[in-house]
Amino acid sequence: MSAKKTPSAPARSAKKAAAPAPATSTDGVAPTDTPTPEQEAQPLFSELGLSEPIQQAIDEMGYRHPTPIQAQAIPYVLMGRDVLGVAQTGTGKTASFTLPMLEILSGSRARARMPRSLILEPTRELALQVAENFVNYGKHLKLTHALLIGGESMAEQKEVLNRGVDVLIATPGRLIDLFERGGLLLTQTKLLVIDEADRMLDMGFIPDIEKIVSMLSPLRQTMFFSATMAPEIRRLADMFLRNPKEITVSRPSSVASTIETGLAIVDAREKRRALRKLLNAADMQNAIVFCNRKRDVDVLCKSLIKHGFSAGALHGDLAQSLRFSTLEAFKSGELKILVCSDIAARGIDIGGLSHVFNFDVPFHAEDYVHRIGRTGRAGRTGHAYTLATPDEEALVQAIEKLTGKPIPRIEIPGVETLEWSEEPRTGNGRRKPARKSNAATATPEPPAAPATAEEKAPAPRKSRRSQGGAAGGSAAAPSTRRDSGLLPSAPDQPVTGFGNDIPAFMQLPRREKSVIPADE
DNA sequence: AAAAAAC
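A quick note: this is a predicted structure, and the numbers were derived from the prediction, not measured.

## Overview of the overall build of chain A
Phase 1: Assigned secondary structure in chain A consists of 20 helices and 15 strands.
Phase 2: Counting every position in chain A, which comprises 520 residues, the buried fraction comes to 39%.
Phase 3: By sequence separation, contacts in chain A at least 24 residues apart represent 77% of the contacts at least 6 residues apart.

Shown next, in the form of structure tokens:
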């Protein structure tokens, strides 16, 4: 599903032929309606050296031309080279590794508990997306795959692993868990894909990834993908790859010109009404609505359903089965609106999405680019509208600075448009915009408070230290013995865990413990 | 600030 489709016959045979189902592609560039001369001149899949069963699957899905990353990466992967791909979803990245992997794996068979290849994904949804890719392209091969993700029965996954799999697609947590329980051997895994490395970094998965990589043979082929090539990512790539072929494909670094953007400043209490107005626009086919918080996803989704919209919620606290079924329902067009957290901001690819709405301004400017990048694919015009409250000027400015262009302000008929408030946002962001007249009195700044706190806090520490410094003076001993030693002692009581034998280092004043020799 | 991921 990750290639350019020409309007040739095979597309017709697809199940949902005539329906204007905009959301069917799960990865890559959606079909275009007419081939441009450039497309005709592009390389063909049949020139990439893939064998018949795989080529046949590609044909049957109606793809003829590989995307740039596919055309560049596939030959190198087939050669056995490591690949460093700088690309994000929507470029056909997934098939750029699944296709040659199928080719390499098709030669031999899997052995029990020893997966032959491993693909690491940051979220469960992405793992599922990759699995779908293997099913689609591998349908004429007899290869097996397993999805190793959290939230689902481990017994079942173990069972499949025991039978032996060719392709293991995993999120890091479950993989490590299972490995530590001894249900898995990675010594025979000779193909490794680290996908969405920048996101793995954001999510703090890198230690896990390092651990997993250390379980594999150094004699392996590694493919490493990241949407960005920050120094930190580069360092990781150097660590995991050997003499990689580096491939960079142009990414929508800012806002694709095919996305029409807009921003409305409204009162926080008017946001839901404002959103409903936007959702009722005539050209709205299907939309993702992003919220910053999981709680707000639930609230907003319920509200939309109550108002008669076809909406479903997606965030990480929902049961796994529900996450998958909701995503499927949205992809199939059964649900028109997907209300979600940033779980779906990156990577998840839903072809032909007409609208993206930011019900909340994202906290991080890059997330804005990722979110709205879900629409405006394959030359089609997408729409991305953001609702901001008057206190969110700084967040919006950060976005405009990153993308290099202002977001055009829009008015929503029937909803009052406000100005930026002069009060910077203070705390939890959930507070109602402070009224300017009250601001001075609303935030009293008691100068006495910090002084009091300071006086109180160090006092017990000081006394504890002085007791320690007294080298277990006999005065402290009685209270030590009285304590059970299991309950936390009061701050002004001595350390009880060692009885009267307090190790010397614990009796040192705090500062001296961390003194590092000055030489080098 | 929030989100994601293991039981």
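Moving on from the model shown.
## As for the environment of R220
Phase 1: Relative to the elements of secondary structure, R220 occurs in the loop between α9 (206–215) and β8 (221–226).
Phase 2: With 18 C-beta atoms counted inside 10 Å, the residue R220 sits in the partly exposed group.
Phase 3: In this structure, the C-alpha to C-alpha distance between R220 and T187, residues 33 residues apart in sequence, is 9.9 Å.
Phase 4: Sequence-distant contacts of R220, defined by excluding residues within four places in its chain, comprise T189, K190, L191 and L192.

## Structural notes on the environment of L300
Phase 1: Tracing the backbone through its elements, the reader meets L300 in helix α12 (residues 294–306).
Phase 2: Between the alpha carbons of L300 and V289 there is a distance of 9.3 Å; along the sequence they are 11 residues apart.

## As for the protein's contact with DNA strand B
Phase 1: Taken together, 26 residues sit near DNA strand B, with G150, G173, R174, R293 and G316 positioned nearest.
Phase 2: Ranked by the residues each element gives to the surface near DNA strand B, the list is headed by helix α7 (residues 172–180), at 4 residues.

## Side note on the pairing of strand β14 (residues 355–358)
Phase 1: A two-sided burial pattern is seen for β14, the buried positions comprising H355 and F357 on one face and V356 and N358 on the other.
Phase 2: Note: strand β11 (residues 287–290) against β14, 4 bridges, orientation parallel. In the strand pairing of β14, A287 is matched with H355.
Phase 3: Bridge analysis of β14 against strand β15 (residues 382–388) gives 4 bridges, and the strand direction is parallel. Bridge assignment links F357 to a residue of β15, and that residue is Y385.

## Observations regarding the sheet that holds strand β9 (residues 245–248)
Phase 1: One open sheet holds the 7 strands; their spatial order is β5-β6-β4-β7-β8-β3-β9, and the pairing between them is parallel. Single-partner strands in this sheet number two, and they are β5 (145–148) and β9. The mean angle between the axes of side-by-side strands here comes to 10 degrees, regardless of whether they run parallel or antiparallel.
Phase 2: Judged from the 4 bridges that link them, strand β3 (residues 83–86) and β8 form a sheet pairing that is parallel. When the sheet's bridge partners are listed, V86 is paired in β8 with S226.
Phase 3: Packed onto the sheet, helix α4 (residues 93–105) meets β3, β4 (117–120), β6 (167–170), β7 (191–194) and β8 and runs at close to 170 degrees relative to β7.

## What to know about the packing of α4 against helix α5 (residues 124–137)
Phase 1: It is the contact of α4 with α5, at a shortest axis distance of 10 Å, that shows an interaxial angle of 45 degrees. As judged from the angle between their axes, α4 and α5 are oblique. You can see that α4 and α5 cross each other, and the crossing is right-handed. In contact with T94, A95, T98, L99 and L102 of α4, α5 contributes Q129, V130, N133, F134 and Y137.
Phase 2: Among the residues making up the contact of α4 with α5, the classes are represented as 6 nonpolar, 4 polar and no charged.

## What about unusual backbone geometry?
Phase 1: Backbone geometry at R113 places phi at a positive 60 degrees, although glycine is not the residue there.
Phase 2: R113 gets classed as partly exposed once you count the C-beta atoms within 10 Å, which come to 17.
Phase 3: Positive phi, normally seen in glycine, also occurs at E196, with a value near 55 degrees.
Phase 4: Checked against the element boundaries, E196 lands in the loop between β7 and α8 (197–202).

## Overview of the confidence of the model for chain A
In regions of low pLDDT, the predicted coordinates are not meant to be interpreted in detail.
Phase 1: For chain A, the average pLDDT comes to 77, and 71% of its residues sit at 70 or higher.
Phase 2: Per-element averaging of pLDDT across chain A places helix α18 (residues 458–469) at the bottom with 33 and β4 at the top with 97.
Phase 3: Across residues 1–33 the pLDDT falls below 50, and counting only partners more than four positions away or on other chains, this stretch makes 93 contacts in the model.
Phase 4: Low confidence marks residues 427–520, where pLDDT is under 50. Its contacts with residues over four positions away, or in another chain, come to 46 contacts.

## Details of the packing of helix α3 (residues 68–79) against α4
Phase 1: Between α3 and α4, whose axes approach to 9 Å, the crossing angle comes to 30 degrees. Viewed along their axes, α3 and α4 adopt a mutual orientation that is roughly parallel. Our pair here, α3 against α4, has a crossing hand that is right-handed. Between α3, through I69, Q70, A73, I74, V77 and L78, and α4, the contact on the second element is made entirely by K93, A95, S96, F97, L99, P100 and E103.

## Some words on the sheet that holds β11
Phase 1: Taken in spatial order, the 6 strands make up an open sheet running β10-β15-β14-β11-β13-β12, and their pairing is parallel. Either end of the sheet is taken by a strand with one partner, and the two such strands are β10 (259–265) and β12 (311–314). This sheet shows a mean twist of 20 degrees between the axes of neighbouring strands, independent of strand direction.
Phase 2: This element, α12, spans β11, β12 and β13 (337–340) of the sheet and lies at about 170 degrees to β12.
Phase 3: Each of β12 and β13 touches helix α13 (residues 320–331); the most contacted strand, β12, lies at about 140 degrees to it.

## Quick look at the nonpolar core
Phase 1: By size, the foremost hydrophobic cluster in this structure holds 110 residues, and its most contacted members are V289, V339 and C340.
Phase 2: Both of domain 1 (4–248) and domain 2 (259–433) provide at least three residues apiece to this core.
Phase 3: Those residues within four positions of V289 in sequence are excluded, and the remaining contacts are L275, L300, I337, V339, F357 and F359.

Reading the values: rules and limits
- Residues numbered from 1 in each chain as written.
- Chains lettered and ligands numbered in written order.
- Predicted model: local features only at pLDDT ≥ 70, side-chain atom pairs only at ≥ 80, totals over all residues.
- Helix = DSSP H or I, 4+ residues; strand = E, 2+ residues; numbered from the N terminus.
- Buried ≥ 20, exposed ≤ 12 C-beta atoms within 10 Å, placed from the backbone.
- Contact = placed C-beta atoms within 7 Å.
- Near = placed C-beta within 6 Å.
- Pairing = 2+ DSSP bridges.
- Axes fitted to C-alpha atoms, helices over the stretch in contact; angles between N-to-C directions.
- Parallel < 35°, antiparallel > 145°, perpendicular 65-115°, else oblique.
- Left-handed = near helix turned anticlockwise from the far one by under 90°.
- Nonpolar A, V, L, I, M, F, W, Y, C, P; charged D, E, K, R; others polar.
- pLDDT = per-residue confidence, 0-100.
- Core = buried A, V, L, I, M, F, W, Y, C linked by C-beta atoms within 7 Å.
- Domains from an automatic or database assignment.

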